[in-house]
Amino acid sequence: MQNLNYHTHTYRCGHSDLDYTDEEYIIDLIRMGFKKMAFTDHCPEKNEIDKRPNIRMKYNQRLEYLESIKDLKEKYADKIEIQSGMK
């Protein structure tokens, strides 16, 4: 089995599980034996270009998203490598 997942969307993108937290993803991936993962929500647009609904996080969610990933990286550093597709 592959032990990495580099394509994980959070509730912020609007087309993932709306009640599944970032930490729940991490806990489940650790339980399944994953060693590396990346949150890869579609990047927000400051000036909306992509008009499709429920396809990307809102611009005002970006800092909370990055802070959540930072906190989880620290909390689970000894169990899984966590990355972000956006900085």
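Trainee: So what's going on with the sheet that holds strand E3 (residues 81-84)? Which residues, and what values?
Mentor: The parallel open sheet is built from three strands, whose spatial order is E1-E2-E3. On the outer flanks of this sheet lie strand E1 (4-8) and E3, each paired with one strand and no other. Direction aside, the axes of adjacent strands within the sheet are offset by 15° on average. Its contacts with the sheet place helix H1 (residues 22-31) against E1, strand E2 (36-39) and E3, and it is angled at close to 160° to E2.

Trainee: Go over the packing of aromatic side chains, please, and point to the residues and values.
Mentor: Within this structure, the stated rule accounts for two aromatic pairs. A ring pair is formed by Tyr-25 and Phe-39, whose centres lie 6.3 Å apart and whose planes are at 80°; its orientation type is edge-to-face. With Tyr-25 in helix H1 and Phe-39 in strand E2, this residue pair connects regions lying 14 residues apart in the sequence. Counting every residue linked through ring pairs, the aromatic cluster contains Tyr-20, Tyr-25 and Phe-39. A cation over an aromatic ring shows up here: Arg-62 above the ring of Tyr-59, its NZ or CZ 3.8 Å from the ring centre.

Trainee: I'd like to hear about the pairing of E1, residue by residue, with values.
Mentor: Note that E1 and E2 share three bridges and pair parallel. Its bridge partner lying in E2, Asn-5 is registered against Met-37. At this point the chain moves from E1, through H1, to the parallel E2, and the crossover so formed is right-handed.

Trainee: Give me the lowdown on the pattern of salt bridges, citing residues and values where you can.
Mentor: According to the stated counting rule, one finds ten salt bridges in the structure shown. Residues Asp-22 and Arg-12 are paired through a salt bridge, measuring 2.7 Å at the closest nitrogen-oxygen approach. Here Asp-22, found in helix H1, pairs with Arg-12, found in the loop between E1 and H1; they are ten residues apart in sequence, far enough to count as distant. Between Lys-79 and Asp-78 there is a salt bridge, and its shortest N-O distance comes to 3.5 Å. Overall, the relative accessible area of 63% leaves Asp-78 in the exposed class. Each member of the salt-bridge network shares a partner with another, and the members are Glu-45, Asp-50, Arg-52 and Arg-56.

What counts, and at which threshold
- Residues numbered from 1 in each chain as written.
- Predicted model: local features only at pLDDT ≥ 70, side-chain atom pairs only at ≥ 80, totals over all residues.
- Heavy atoms only, no water.
- Pairing = 2+ DSSP bridges.
- Helix = DSSP H or I, 4+ residues; strand = E, 2+ residues; numbered from the N terminus.
- Axes fitted to C-alpha atoms, helices over the stretch in contact; angles between N-to-C directions.
- Contact = heavy atoms within 4.5 Å.
- Phe/Tyr/Trp six-rings, centres within 6.5 Å; stacked < 30°, edge-to-face > 60°.
- Lys NZ or Arg CZ within 6 Å of the ring centre and 35° of its normal.
- Right-handed = clockwise from strand over helix to strand, strands pointing away.
- Salt bridge = Lys/Arg side-chain N within 4 Å of Asp/Glu carboxyl O.
- Buried < 20%, exposed > 50% of the residue type's maximum accessible area, 1.4 Å probe, protein only.

These figures capture arrangement, not role.
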